[in-house]
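What follows is each chain in one-letter form.
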Amino acid sequence: MLAIRLVSGPERLDTLVLPVRREGSDTPAMLVPTASPPADEVRAEATALIPAARLTGEAGEAREHLRPGGTPARLVLLGVGTGDEQDWRAAGAALARAARDETHVTVALPVDAPAALRGLAEGLLLGSYRFRLTEAGGAPALAEVDVVVADPDALAHTLDAARTTAAMTGLARDLTNTPSSVKNPAWFAAQVEAAAAGHPDLHLRVRGPEELAAEGFGGILAVGGGSASGPRLVELDWRPADARTHVVLVGKGITFDTGGISIKPVPAMKLMRKDMAGAAAVTAACLGAAALRLPVRVTTLAPLAENMVSGSAFRPGDIIRHYGGLTSETTNSDAEGRLVLADALAYAARELKPDLLVDLATLTGANAVALGKRHGALYSANDQLAADLLGAIEGAGERAWRMPLAADYVEYLGSDIADLHSSPDRGAGSVVAALFLHEFTGELRDRWVHVDMSAPSWSEDVHAELTKGATGWGVRGLLRWLTTLG
Ligand code: BES
Ligand code: MN
Ligand code: ZN
């Protein structure tokens, strides 16, 4: 893992990275004044290079300049755009890529710049993420980044938060990228157990098929019934003594989604190992809250099941009795996510009775149809809560868009044979799924947020701090939101 160190002056000058700002579209790019200014001749050279190399200062631009025999021997001019946190994040990721063959670089930071440090560090760490070193190109050589700041002690906490955020995002990416031949529900539970071990205030309870049956988790059992690898409900609880607020985070944990008896066609199934990205994100966020010792109680529920096709699989037309007693008719076994989430939401509302309830789920393909590849679809009946969470998500460099819990479609959830129909063929897909979940939130009805994160959970290409594959979407936004709750 890349080591980032705060220093008050450059200690090793092999490669020096100088930030370049873009003032506006018609003003030229310019060097950003830094806490530890470079030597006069270095500064003069860098200043001359900006027009000569036609640098724009756009976030993510990185230009290496060799100075044989000089100190430093290499200069990297790094575009940081407007200099806000998100632009620095893109710059950090670009630097991780541009300097992947160097072992050590020194970055000069502006004076008093916690947002710049936060963005730079997260960008460096997230941009150099590799899935267990199996990706083409292998591990980057870049091992150490010294960041020159005015007062290292004053920024230590900011760096720590960035490291934890990036490490937990990396954990969520690892879990989500892992092939489904490895990550069945029991494996996921074992990973959480290993990650939580040793924290005195983290409590873990894993329910297997017998306990789920005894307690009436009918949705999880139905969806998991077709698999040789039985379902689990992983309940992880960060319970600090000084907590005044209790948040429950629920994440969809389908370790592979074939669609079940209503089987998916080949193109729709190829990436369905990612269908537990919600469970990965909420679990990683809880571990992050514990690592940062945030003074808020966070309980995560990961209902885990593999949606398979077999003689024991549930069928279209089946009626499921969910936790708490509500029943649902299913006519499409591919609408499985809402069935496992319904149990977990009902359990949270009835037994855990938190102050706030949030769920993250790769719930519908309709998320991408409505909003494209990078925005989650956020639903809530509570404007303040929706705004708070959207603000945290945005501030952390992720994106979501509020969608309506349109009452017009509630009637489509009606069934002749059960309390609810789980897969009506009318109404907007992502909205109807949200409305179905809403029915299970009980007393938490107006203190609940649902995010359909099917689209942003995966990236088809390298984009700023995103690498190809799982993005770990949600970890950053949730952690930032939890930090504000204390
Ligand atoms: N896991 C899928 C949703 C999904 C699709 C996630 C694409 C990521 C990318 C979910 O279980 C599903 O199959 N949803 C159906 C719902 C339909 C059957 C009502 C869908 O979106 O088609
Ligand atoms: Mn499905
Ligand atoms: Zn699914």
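Residues numbered from 1 in each chain as written. Chains lettered and ligands numbered in written order. Predicted model: local features only at pLDDT ≥ 70, side-chain atom pairs only at ≥ 80, totals over all residues. Heavy atoms only, no water.

Draft legend 1. Looking closely at the overall build of the protein. Of the regular secondary structure elements, the protein holds 14 helices and 21 strands. Relative to the 2.2 N^0.38 estimate, which gives 23 Å for 486 residues, the radius of gyration of the protein is 24 Å and therefore close to what a compact globule would have. Taking the principal axes of its C-alpha atoms as reference, the protein extends roughly 80 × 45 × 40 Å. Considering only residue pairs separated by 6 or more positions, the protein has 77% of its internal contacts joining residues 24 or more positions apart. Surface summary for the protein: the accessible area is close to 18700 Å², and the carbon and sulfur share equals 52%. (Helix = DSSP H or I, 4+ residues; strand = E, 2+ residues; numbered from the N terminus. Rg over C-alpha atoms; globule rule 2.2 N^0.38 Å. Contact = heavy atoms within 4.5 Å. Areas by Shrake-Rupley, 256 points an atom, 1.4 Å probe, with all protein chains shown as cover.)

Draft legend 2. Representation of the coordination of the manganese ion (ligand 2). Every protein donor of the manganese ion (ligand 2) is accounted for by Asp257 (OD), Asp334 (O), Asp334 (OD) and Glu336 (OE), and the metal-donor separations fall at 2.1 to 2.2 Å. Angles of 72 to 167° at the metal separate the six donor atoms of the manganese ion (ligand 2), which places the site in the irregular class. Mapping the donors of the manganese ion (ligand 2) onto the primary sequence yields the spacing D-x76-D-x1-E. Separating the manganese ion (ligand 2) from the zinc ion (ligand 3) is a distance of 3.2 Å, and Asp257 supplies a donor atom to each of them. Of the two residues, Asp257 sits in strand S11 (residues 253-257) while Glu336 sits in the loop between strand S14 (327-329) and helix H10 (337-352), which places them 79 residues apart along the sequence. (Donors = N, O, S within 2.8 Å, 3.2 Å for Na, K, Ca; no water. Tetrahedral: all angles 85-135°; square planar, octahedral: opposite > 155°, others 65-115°.)

Draft legend 3. Structural detail: the site of ligand 1. Of all residues adjacent to ligand 1, which total 16 residues, the nearest are Lys264, Asp275, Asp334, Glu336 and Gly365. In the environment of ligand 1, an oxygen atom lies 3.1 Å from a nitrogen or oxygen atom belonging to the side chain of Lys252. Asp334 places a side-chain nitrogen or oxygen 2.7 Å from an oxygen atom of ligand 1. Partitioned by chemical class, the residues of the shell around ligand 1 number three nonpolar, five polar and eight charged. (Near = heavy atom within 4 Å. Polar contact = N/O pair within 3.5 Å; in protein donor to acceptor, adjacent residues only side chain to side chain. Nonpolar A, V, L, I, M, F, W, Y, C, P; charged D, E, K, R; others polar.)

Draft legend 4. Here's a closer look at the coordination of the zinc ion (ligand 3). Lys252 (NZ), Asp257 (OD), Asp275 (OD) and Glu336 (OE) make up the full set of protein donors to the zinc ion (ligand 3), lying at 2.0 to 2.5 Å. Between the donor residues of the zinc ion (ligand 3), the gaps in sequence give the motif K-x4-D-x17-D-x60-E.

Draft legend 5. Looking closely at the domain arrangement of the protein. Under the domain assignment used here, the protein contains domain 1 (3-151) and domain 2 (163-482). For domain 1 and domain 2, the distance between their C-alpha centres works out to 37 Å. Taken together, the 18 residues of domain 1 in the interface contact 22 residues of domain 2. Between domain 1 and domain 2, the buried area comes to about 1600 Å², and carbon and sulfur atoms account for 51% of it. For the pair domain 1 and domain 2, the number of links is one salt bridge. Here Arg480 ties to Glu85 by a salt bridge, and the two come within 2.8 Å at their closest N and O atoms. (Domains from an automatic or database assignment. Buried area = accessible area lost by both parts, 1.4 Å probe. Salt bridge = Lys/Arg side-chain N within 4 Å of Asp/Glu carboxyl O.)

Draft legend 6. Seen up close, the nonpolar core. Counting 52 residues, the largest nonpolar core has Phe188, Leu249, Leu360, Trp481 and Leu482 as its most contacted members. Per element, the largest residue contribution to this core is eleven residues, and it comes from helix H9 (residues 277-291). Residue contacts for Leu482: discarding those within four places in its chain leaves Val247, Leu249, Ala285, Ala289, Leu294, Val296 and Val298. (Core = buried A, V, L, I, M, F, W, Y, C linked by side-chain atoms within 4.5 Å. Buried < 20%, exposed > 50% of the residue type's maximum accessible area, 1.4 Å probe, protein only.)

Draft legend 7. Up close: the pairing of strand S7 (residues 144-148). Burial analysis of S7 places four of its five residues in the buried class, which makes it a mostly covered element. Summarising the sheet, strand S1 (residues 3-7) and S7 pair through five bridges and their orientation is parallel. Considered in S7, the bridge of Val7 is made with Val148. Pairing between strand S6 (residues 104-108) and S7: five bridges, direction parallel. Residue pairing for S7: His104 is matched across the bridge by Glu144. (Pairing = 2+ DSSP bridges.)

Draft legend 8. Fine view of the packing of aromatic side chains. With the rule as written, the count across this model stands at five aromatic pairs. Arranged with centres 5.5 Å apart and planes meeting at 85°, the rings of Tyr323 and Tyr347 form a pair that is edge-to-face. On the criterion of sequence distance, the pair formed by Tyr323 in the loop between strand S13 (319-321) and S14 and Tyr347 in helix H10 is long-range, its members being 24 residues apart. Each member of the pair Tyr323 and Tyr347 is classed as buried. (Phe/Tyr/Trp six-rings, centres within 6.5 Å; stacked < 30°, edge-to-face > 60°.)

Draft legend 9. Local environment of H9. Here H9 contains 15 residues, and its C-alpha end-to-end distance of 21 Å stays within 8% of the 21 Å for a straight helix at 1.5 Å per residue. The buried count for H9 comes to 14 of 15 residues, which makes it a mostly enclosed element. (Expected span 1.5 Å × (residues − 1).)

Draft legend 10. Inspection of the side chain of Ser328 at higher detail. Following the sequence through the fold, Ser328 ends up in strand S14. Within the structure, the side chain of Ser328 is placed 2.8 Å from the side chain of His322, a separation counted as a polar contact. Excluding residues that lie within four positions of it along the chain, Ser328 makes contacts with Asp318, Ile319, Ile320, His322, Leu339, Ala418, Leu420, Ser422 and Phe436.

Draft legend 11. Representation of helix H3 (residues 114-127). The terminal C-alpha atoms of H3 lie 19 Å apart, and with 14 residues this matches the ideal 20 Å at 1.5 Å per residue to within 8%. A large share of H3 lies buried, amounting to twelve of its 14 residues. Every buried residue of H3 is listed here: Ala116, Leu117, Arg118, Gly119, Leu120, Ala121, Glu122, Gly123, Leu124, Leu125, Leu126 and Gly127. Buried residues along H3 sit in contact with S1, helix H2 (85-98), S6, S7, helix H4 (152-177) and helix H14 (475-485).

Draft legend 12. Structural view of a nonpolar patch on the surface. Taken together, the side chains of Ile261, Ile263 and Val309 make up a nonpolar region of the molecular surface, amounting to roughly 240 Å² of accessible area. You can see Val309 is positioned in the loop between strand S12 (297-307) and S13. (Patch = residues over 30% accessible without salt bridge, like charges linked within 9 Å, V, L, I, M, F, W, Y side chains within 5 Å.)

Draft legend 13. Structural view of the pattern of salt bridges. Evaluated as defined, the whole model comprises 27 salt bridges. A salt bridge links Asp14 to Arg12, with the nearest nitrogen and oxygen atoms 3.2 Å apart. According to the relative accessible area criterion, Asp14 is buried, its value standing at 18%. The shortest N-O distance in the salt bridge between Asp275 and Lys252 comes to 3.2 Å. Placement of the pair is Asp275 in the loop between helix H8 (266-269) and H9 and Lys252 in the loop between strand S10 (246-251) and S11, with a sequence separation of 23 residues.

Draft legend 14. The arrangement of the sheet that holds strand S18 (residues 420-421) in detail. The three strands are arranged S13-S14-S18 in an open sheet whose pairing can be described as mixed. For this open sheet the edge positions go to S13 and S18, each flanked by a neighbour on one side alone. Looking at chain direction, S14 and S18 are connected through two bridges and run parallel. Paired with Glu329 across the two strands is His421, which belongs to S18.

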